[in-house]
Amino acid sequence: MMCNLLMSWVFLISVGQMTNTLANGRMVPKKNLIIQTTRNKTIPITLWGAVAEAFHEEDALELATEDTVIIILSSMTVKAFRADTTLSSTSATKIYLNMKIEEVDIFRKSFQCTQKLSFVNQSLNSMLDITTNREAKNNTVSELLSLDRTADKGKIYLCVATIAKIDASKGWWYNACPKCKVSVVNNNEMMLCRKCGKSGGQPMPW
(Lines give C-alpha, C1' and ligand atoms only; values in the text may rest on other atoms or scores of the structure.)
Protein backbone atom coordinates (compact mmCIF):
# COMPACT_ATOMS: atom_id res chain seq x y z
CA MET A 1 0.00 0.00 0.00
CA MET A 2 1.27 3.50 -0.82
CA CYS A 3 -0.05 6.90 0.21
CA ASN A 4 1.17 10.44 0.87
CA LEU A 5 2.08 11.88 4.26
CA LEU A 6 1.33 15.60 4.61
CA MET A 7 3.25 16.23 7.84
CA SER A 8 4.61 14.28 10.78
CA TRP A 9 6.43 15.14 14.03
CA VAL A 10 8.78 12.41 15.27
CA PHE A 11 12.20 11.80 16.84
CA LEU A 12 15.29 11.34 14.68
CA ILE A 13 17.42 8.47 16.02
CA SER A 14 19.79 7.55 13.16
CA VAL A 15 21.40 9.33 10.22
CA GLY A 16 23.61 8.04 7.43
CA GLN A 17 26.12 9.26 4.91
CA MET A 18 25.34 10.12 1.31
CA THR A 19 25.48 7.27 -1.17
CA ASN A 20 24.61 7.03 -4.86
CA THR A 21 22.33 4.37 -6.28
CA LEU A 22 20.95 3.51 -9.71
CA ALA A 23 17.35 4.63 -10.12
CA ASN A 24 15.41 5.12 -13.34
CA GLY A 25 18.54 4.45 -15.33
CA ARG A 26 20.73 7.08 -13.65
CA MET A 27 22.76 7.51 -10.48
CA VAL A 28 20.81 9.35 -7.79
CA PRO A 29 22.00 10.64 -4.38
CA LYS A 30 20.48 8.72 -1.49
CA LYS A 31 20.54 9.08 2.29
CA ASN A 32 18.96 6.84 4.94
CA LEU A 33 17.44 7.98 8.23
CA ILE A 34 15.58 6.22 11.03
CA ILE A 35 12.86 7.89 13.07
CA GLN A 36 11.04 6.86 16.23
CA THR A 37 7.35 7.59 16.73
CA THR A 38 5.65 8.50 19.97
CA ARG A 39 4.70 4.82 20.28
CA ASN A 40 8.39 3.82 20.17
CA LYS A 41 8.09 2.36 16.68
CA THR A 42 11.09 2.83 14.39
CA ILE A 43 10.54 3.69 10.73
CA PRO A 44 13.23 3.85 8.03
CA ILE A 45 13.32 6.87 5.73
CA THR A 46 14.99 7.24 2.34
CA LEU A 47 15.85 10.70 1.08
CA TRP A 48 16.43 11.02 -2.66
CA GLY A 49 18.12 13.50 -4.97
CA ALA A 50 18.15 17.16 -3.98
CA VAL A 51 16.40 16.40 -0.68
CA ALA A 52 19.20 14.00 0.31
CA GLU A 53 21.84 16.55 -0.71
CA ALA A 54 20.15 19.30 1.31
CA PHE A 55 20.04 17.23 4.51
CA HIS A 56 23.33 17.61 6.42
CA GLU A 57 23.90 14.84 8.97
CA GLU A 58 26.57 16.96 10.69
CA ASP A 59 23.89 19.50 11.70
CA ALA A 60 21.67 16.76 13.13
CA LEU A 61 24.53 15.23 15.11
CA GLU A 62 25.47 18.64 16.50
CA LEU A 63 21.89 19.27 17.62
CA ALA A 64 21.87 15.85 19.30
CA THR A 65 24.66 16.93 21.65
CA GLU A 66 22.23 19.39 23.24
CA ASP A 67 18.91 17.54 23.21
CA THR A 68 16.85 14.90 21.42
CA VAL A 69 16.28 15.81 17.78
CA ILE A 70 12.68 16.38 16.74
CA ILE A 71 12.28 16.13 12.97
CA ILE A 72 9.30 17.51 11.09
CA LEU A 73 8.64 15.85 7.73
CA SER A 74 6.23 17.01 5.05
CA SER A 75 5.12 15.64 1.68
CA MET A 76 6.56 12.15 2.11
CA THR A 77 5.50 8.95 0.37
CA VAL A 78 4.36 6.24 2.79
CA LYS A 79 4.72 2.61 1.81
CA ALA A 80 3.35 -0.26 3.89
CA PHE A 81 3.98 -3.95 3.36
CA ARG A 82 2.63 -6.39 5.93
CA ALA A 83 3.51 -4.81 9.28
CA ASP A 84 6.42 -2.67 8.05
CA THR A 85 6.22 1.01 7.10
CA THR A 86 8.78 3.04 5.15
CA LEU A 87 8.92 6.68 4.10
CA SER A 88 10.47 8.17 0.96
CA SER A 89 11.02 11.79 0.03
CA THR A 90 9.33 13.50 -2.90
CA SER A 91 10.23 16.62 -4.86
CA ALA A 92 7.99 18.59 -2.47
CA THR A 93 9.48 17.19 0.76
CA LYS A 94 10.50 19.67 3.45
CA ILE A 95 12.52 18.72 6.55
CA TYR A 96 12.93 20.74 9.75
CA LEU A 97 15.09 19.90 12.80
CA ASN A 98 14.38 21.25 16.31
CA MET A 99 12.39 24.24 15.13
CA LYS A 100 12.32 27.08 17.63
CA ILE A 101 8.55 27.21 17.99
CA GLU A 102 6.19 26.67 20.89
CA GLU A 103 4.60 23.55 19.35
CA VAL A 104 7.96 21.76 19.25
CA ASP A 105 8.58 22.59 22.92
CA ILE A 106 5.17 21.21 23.87
CA PHE A 107 5.80 18.07 21.82
CA ARG A 108 9.18 17.54 23.51
CA LYS A 109 7.68 17.84 26.99
CA SER A 110 4.77 15.54 26.16
CA PHE A 111 6.78 12.59 24.83
CA GLN A 112 10.05 10.89 25.70
CA CYS A 113 12.48 9.48 23.12
CA THR A 114 14.06 6.19 24.24
CA GLN A 115 17.08 6.32 21.90
CA LYS A 116 19.87 8.79 21.23
CA LEU A 117 20.79 9.90 17.74
CA SER A 118 23.47 7.67 16.21
CA PHE A 119 25.50 7.76 13.04
CA VAL A 120 24.83 4.84 10.69
CA ASN A 121 28.52 3.87 10.57
CA GLN A 122 28.30 3.00 14.25
CA SER A 123 25.66 0.40 13.43
CA LEU A 124 27.82 -0.96 10.60
CA ASN A 125 30.78 -1.27 12.93
CA SER A 126 28.61 -3.13 15.42
CA MET A 127 27.66 -5.57 12.69
CA LEU A 128 31.31 -6.09 11.78
CA ASP A 129 32.16 -6.73 15.43
CA ILE A 130 29.87 -9.77 15.32
CA THR A 131 32.18 -11.48 12.85
CA THR A 132 35.16 -11.05 15.16
CA ASN A 133 33.34 -12.25 18.26
CA ARG A 134 34.15 -15.93 18.67
CA GLU A 135 31.21 -16.40 21.02
CA ALA A 136 28.73 -15.08 18.46
CA LYS A 137 26.22 -17.74 17.47
CA ASN A 138 25.97 -18.81 13.85
CA ASN A 139 22.32 -18.75 12.78
CA THR A 140 20.94 -20.76 9.92
CA VAL A 141 18.54 -19.21 7.40
CA SER A 142 15.64 -21.14 8.92
CA GLU A 143 16.52 -19.77 12.36
CA LEU A 144 16.61 -16.22 11.04
CA LEU A 145 13.23 -16.67 9.39
CA SER A 146 11.74 -17.91 12.65
CA LEU A 147 12.86 -14.89 14.73
CA ASP A 148 10.18 -13.33 16.88
CA ARG A 149 9.29 -9.81 15.67
CA THR A 150 8.82 -8.60 19.26
CA ALA A 151 11.32 -10.53 21.36
CA ASP A 152 14.15 -10.24 18.81
CA LYS A 153 13.50 -6.64 17.84
CA GLY A 154 16.68 -4.56 17.81
CA LYS A 155 19.08 -7.48 17.50
CA ILE A 156 21.71 -7.28 14.77
CA TYR A 157 22.70 -10.13 12.46
CA LEU A 158 25.39 -10.09 9.83
CA CYS A 159 24.48 -12.18 6.80
CA VAL A 160 27.30 -13.52 4.64
CA ALA A 161 26.48 -15.12 1.30
CA THR A 162 28.25 -16.18 -1.86
CA ILE A 163 26.77 -15.87 -5.35
CA ALA A 164 27.17 -19.37 -6.76
CA LYS A 165 25.78 -18.75 -10.23
CA ILE A 166 24.02 -16.09 -12.30
CA ASP A 167 21.16 -17.19 -14.50
CA ALA A 168 21.66 -15.36 -17.80
CA SER A 169 19.67 -17.80 -19.90
CA LYS A 170 17.23 -15.01 -20.80
CA GLY A 171 19.90 -12.38 -21.26
CA TRP A 172 21.36 -9.72 -18.98
CA TRP A 173 18.74 -7.07 -19.58
CA TYR A 174 15.29 -6.42 -21.02
CA ASN A 175 13.32 -3.53 -22.50
CA ALA A 176 11.53 -1.94 -19.55
CA CYS A 177 8.69 0.50 -19.16
CA PRO A 178 10.23 3.90 -18.23
CA LYS A 179 7.54 4.35 -15.56
CA CYS A 180 7.30 1.05 -13.65
CA LYS A 181 10.29 -0.97 -15.00
CA VAL A 182 8.08 -3.94 -15.99
CA SER A 183 9.09 -5.50 -19.32
CA VAL A 184 7.36 -4.22 -22.43
CA VAL A 185 6.31 -6.13 -25.56
CA ASN A 186 6.10 -4.98 -29.18
CA ASN A 187 2.49 -5.22 -30.39
CA ASN A 188 2.10 -4.01 -33.98
CA GLU A 189 4.94 -1.52 -33.53
CA MET A 190 3.34 -0.26 -30.30
CA MET A 191 5.20 -0.82 -27.01
CA LEU A 192 2.86 -2.24 -24.39
CA CYS A 193 3.62 -2.54 -20.68
CA ARG A 194 2.10 -5.53 -18.90
CA LYS A 195 1.33 -3.26 -15.93
CA CYS A 196 0.69 0.24 -17.28
CA GLY A 197 -0.72 -0.64 -20.66
CA LYS A 198 0.46 1.55 -23.52
CA SER A 199 3.99 2.78 -22.86
CA GLY A 200 4.12 6.57 -23.06
CA GLY A 201 7.85 6.75 -23.75
CA GLN A 202 10.76 4.90 -25.22
CA PRO A 203 11.59 1.65 -23.41
CA MET A 204 14.81 1.63 -21.44
CA PRO A 205 17.32 -1.18 -20.90
CA TRP A 206 16.89 -2.65 -17.40
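Shown above is the structure to which this text applies.
Counting starts from 1 at the beginning of each chain's written sequence and moves along it residue by residue. Owing to the predicted nature of the model, reporting of local features is limited to residues with pLDDT of at least 70; listing and counting of side-chain atom pairs is limited to 80 or more, with chain, interface and lining totals taken over all residues. Each side-chain value is worked out from all heavy atoms of the structure, with water and hydrogens disregarded.

Colleague: Can you walk me through the overall build of the chain in this structure?
Modeller: Along its length, the chain carries 5 helices and 12 strands. Relative accessible area decides the class of each residue, using a 1.4 Å probe on protein chains only: under 20% of the type maximum gives buried, over 50% gives exposed, and in between gives partly exposed. By the burial criterion, 27% of the 206 residues in the chain qualify as buried. For the chain, the proportion of contacts with a sequence separation of at least 24, taken over those separated by at least 6, is 57%. Numbering of helices and strands runs from the N terminus; a helix is a DSSP stretch of H or I covering at least four residues, while a strand is a stretch of E covering at least two. Two residues qualify as a contact provided that any one of their heavy atoms is within 4.5 Å of a heavy atom in the partner residue.

Colleague: Looking at this model, I keep getting lost on the packing of aromatic side chains. Mind explaining?
Modeller: In this description, a pair of aromatic rings is defined by centroid distance and the angle of the planes. Pairing of aromatic rings covers Phe, Tyr and Trp, the last through its six-membered ring, and needs centres within 6.5 Å; plane angles under 30 degrees mean stacked, over 60 mean edge-to-face, and all others mean tilted. Scanning the model with the defined rule gives 2 aromatic pairs in all. Ring centres 5.2 Å apart and planes at 45° place the aromatic pair Phe107 and Phe111 in the tilted group. Overall, Phe107 belongs to the buried group, its relative accessible area being 11%. Here the aromatic cluster, defined as three or more aromatic residues joined through ring pairs, consists of Phe11, Phe107 and Phe111. Here Lys181 stacks its cationic end above the ring of Trp206, 5.4 Å away from the centre of that ring. In our convention, an over-ring charge means Lys NZ or Arg CZ found within 6 Å of a ring centre and within 35 degrees of that ring's normal.

Colleague: Would you explain the nonpolar core in this entry?
Modeller: A general tendency of soluble globular proteins is for nonpolar side chains to be buried together. By size, the foremost hydrophobic cluster in this structure holds 20 residues, and its most contacted members are Leu12 and Ile35. Elements with a contribution of two residues or more to this core: β1 (2–15), β3 (26–36), β4 (42–48), α1 (49–54) and β5 (69–81). Here the element with the most residues in this core is β5; it accounts for 5 residues. What Ile35 contacts, discounting residues up to four positions off in sequence, is Val10, Phe11, Leu12, Ile13, Lys41, Thr42, Ile43, Ile45, Ile71, Leu73 and Leu87. To form a nonpolar core, buried Ala, Val, Leu, Ile, Met, Phe, Trp, Tyr and Cys residues must be joined to one another through side-chain atoms within 4.5 Å.

Colleague: Which parts of the structure should I look at to understand the environment of Cys196?
Modeller: Along the polypeptide, Cys196 turns up in the loop between β10 (190–193) and β11 (197–198). Separated by 14 residues in the primary sequence, Cys196 and Val182 place their C-alpha atoms 8.6 Å from one another.

Colleague: What is the right way to look at helix α3 (residues 102–110) in this model?
Modeller: Residues that lie three or four places apart on an α-helix share one face, since the helix turns once every 3.6 residues. Among the residues of α3, those classed as buried are Val104, Phe107 and Arg108. Each buried residue of α3 sits inside an arc of 100° when the element is viewed along its axis, so together they form one side. Along α3, exposed side chains directed more than 90 degrees from the buried face belong to Glu102 and Lys109. The arc in question is formed by the directions pointing from the helix axis toward the C-beta atoms.

Colleague: Honestly, unusual backbone geometry in this entry has me stumped. Any pointers?
Modeller: Trans is the prevailing form of peptide bonds, just as negative phi is the prevailing case for residues other than glycine. Positive phi is not limited to glycine here, since Asn40 has a value of about 65°. Mapped onto the elements of the fold, Asn40 is located in the loop between β3 and β4. The phi dihedral of Ser75 falls on the positive side, at around 55°, and the residue is not glycine. With respect to the helices and strands, the residue Ser75 is situated in strand β5.

Colleague: Just to check I follow, could you spell out the pattern of salt bridges for this structure?
Modeller: Side chains that differ in charge, positive against negative, can pair when their charged atoms come close. By convention in these notes, a salt bridge is any Lys or Arg side-chain nitrogen within 4 Å of a carboxyl oxygen on Asp or Glu. Within the structure shown, the criterion is met by 3 salt bridges. Among the ionic pairs, Glu57 bridges to Lys31, the shortest N-O distance being 2.7 Å. Separated by 26 residues along the polypeptide, Glu57 in helix α2 (residues 57–64) and Lys31 in strand β3 bring together distant segments of the chain. We note that Glu57, like Lys31, is buried. Of the charged contacts in the structure, one is a salt bridge between Arg149 and Asp84, with a shortest N-O distance of 2.8 Å. Residue Arg149 is found in the loop between α5 (141–145) and β8 (175–176), and its partner Asp84 is found in strand β6 (residues 84–97); the two are separated by 65 residues along the sequence. Exposure remark for Arg149: the relative accessible area of 58% places this residue in the exposed category.

Colleague: Got a minute to help me understand the pairing of β3 in this structure?
Modeller: As a general feature of sheets, a regular strand has side chains that alternate between the two faces. Summarising the sheet, strand β2 (residues 19–23) and β3 pair through 5 bridges and their orientation is antiparallel. Following the sheet pairing, Ala23 is matched in β3 by Arg26. Strands qualify as paired when DSSP identifies two bridges or more between them. In the sheet, β3 pairs with β4 via 7 bridges, with the strands oriented antiparallel. Directly across from Gln36, in β4, lies its bridge partner Thr42. Where β3 folds back on β4, the antiparallel hairpin that results is connected by 5 residues, among which Asn40 adopts a positive phi of roughly 65°.

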